[in-house]
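Per-entry structural report
Residues per chain are reported as follows:
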Amino acid sequence: MARPPTFDVELVRSEPLSHRVKSLRFRRVDGEPIVFDAGQWISLALPLETGEVRRAYSIASEPAGSSEFDLAVTLVDNGPGSPFLHALPVGSHLTAIGPQGFFTRTRELGQPALFIATGTGVTPLRSMILDAARRGEKTPQWLLFGLRTERDIIYRAELEELARTHSWFRFLPTLSQGTDDWAGLRGYVQTHVAHLWKELEAEGKAAPHTFICGLHEMVGSVRDLLRKEMQVPREFVHSERYD
């Protein structure tokens, strides 16, 4: 297997998505397009004082043939990579390696999709959803997005607008620590997976493919629920974790 390409990138935009997450937009210095499949990740070589550290991040933007790509980085206190990236000035150059990864959605799938994420696990799913919208897909696709509080909902305005303007897409944030005035879903994503999967199956007239991304515990729990309790075939359950 050929090694993934290595190239230089420049940080062209850095802005907050929430109180702990930043959106970072990079551009290839050589101007060449970033060729990737929605759901793949890319590594950044970070020149820290203690030596170079490589960190992998899912690409949050859709594969549209641009030389730019977006990442979402959660600030982890005392972490080796995120404090550096959160403080990185616009105009800085880094080395990138990739893209890589097999957590992708076949464009010709033609079946409904239930996307399940927590935190920045939503980034590869955002790439898949934006890619579907750009290509004019009509297959039902729903996003179940688990977070602690309302202020943790990243990409909220964009996803709500996408749901408003595209009948095939539903945005379903669920909060584990929602306030009394929160009118949406409550609890962990595991609470809602079974009934949403069945509802989506009825609407899409076919068994949904599920795409799960987040921390190990959530991914394992949802995967077991689908595979063991609901008897969903292995080929319909796709997952990636980032811890």
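First, a word on what this report is: a plain description of the structure on this page. Note on numbering: residues in each chain are counted from 1, in written sequence order. pLDDT decides what is reported in this predicted model: residues at 70 or higher carry local features, side-chain atom pairs at 80 or more are listed and counted, and totals for whole chains, interfaces and linings draw on all residues regardless. The side-chain values count all of the structure's non-hydrogen atoms but skip hydrogen atoms and water molecules.

1. What about the environment of G81?
For clarity, the threshold we go by: Put simply, DSSP H or I for four residues or longer makes a helix, DSSP E for two residues or longer makes a strand, and each gets a number counted from the N terminus. Whether two residues are in contact is decided by their heavy atoms, any of which lying within 4.5 Å being enough.
Along the chain, G81 turns up in the loop between β5 (68-74) and α1 (82-86). Residue contacts for G81: discarding those within four places in its chain leaves L46, R55 and Y57.

2. Some words on the packing of aromatic side chains
Just so we agree on the cut-off: Any Phe, Tyr or Trp ring, taking Trp's six-membered ring, that has another such ring centre within 6.5 Å forms a pair; planes under 30 degrees apart are called stacked, those over 60 apart edge-to-face, and the others tilted. With a 1.4 Å probe rolled over the protein chains alone, any residue whose accessible area is under 20% of its type maximum counts as buried; one over 50% counts as exposed, and the rest are partly exposed. Lysine NZ or arginine CZ positioned within 6 Å of the ring centre and within 35 degrees of the ring normal marks a charge as sitting over the ring.
For the coordinates displayed, the defined rule picks out four aromatic pairs. Geometrically, the ring pair formed by F103 and F211 is edge-to-face, given 6.2 Å between the ring centres and 65° between the ring planes. One end of the pair, F103, is in the loop between β6 (93-100) and β7 (113-118); the other, F211, is in strand β11 (residues 209-214), with 108 residues separating them in the sequence. Side by side, F103 and F211 carry an identical accessibility label, which is buried. If you follow R28 out to its NZ or CZ, it ends over the ring of F7, 4.0 Å from the centre. Across from the ring centre of W142, 4.3 Å away, lies the NZ or CZ of R170, which sits over that ring.

3. Structural notes on the side chain of T118
Structurally, T118 is set in strand β7. Under the relative-accessibility criterion, T118 is labelled buried at 17%. Once you skip the residues sitting within four places of it in the chain, T118 turns out to touch F145, G146, V189, C213, G214, L215, M218 and Y242.

4. Some details on the nonpolar core
Worth spelling out the cut-off: Grouping buried Ala, Val, Leu, Ile, Met, Phe, Trp, Tyr and Cys residues that are joined through side-chain atoms within 4.5 Å yields what is termed a nonpolar core.
Membership of the largest hydrophobic core comes to 28 residues, with the highest contact counts inside it found for F115, L125, L143, F145 and F169. In terms of residues, this core owes the most to one element, helix α2 (residues 122-134), which gives five residues. F115 has contacts with R105, L125, M128, I129, Q141, W142, L143, L144 and F211, leaving out every residue within four places of it along the chain. With 21 residues, the next largest nonpolar core counts V9, L46, Y57 and V73 among its residues.

5. Points about unusual backbone geometry
A cis geometry characterises the amide bond from G98 onward to P99, with omega recorded as 5°. A positive phi angle is found at K205, which is not glycine, with a value near 60°. In the Ramachandran plot, Q231 falls in the positive-phi region, its phi being about 60° despite a non-glycine side chain. Among the structural elements, Q231 can be located in the loop between α5 (216-229) and β12 (237-241). Classification of Q231 as exposed rests on a relative accessible area of 58%.

6. A look at the sheet that holds strand β3 (residues 41-48)
Applied cut-off: At least two DSSP bridges between two strands are required for those strands to pair. Note on geometry: axes are C-alpha line fits, over the in-contact stretch for helices, and angles between N-to-C directions span 0 to 180 degrees.
Spatial ordering of the open sheet is given by β4-β3-β6-β1-β2-β5, a layout of six strands whose pairing is antiparallel. Looking at which strands have only one partner, the edges of the open sheet turn out to be β4 (51-58) and β5. Pairs of neighbouring strands in the sheet enclose a mean axial angle of 40°, with direction left out of account. With eight bridges connecting them, β3 and β4 associate as antiparallel partners.

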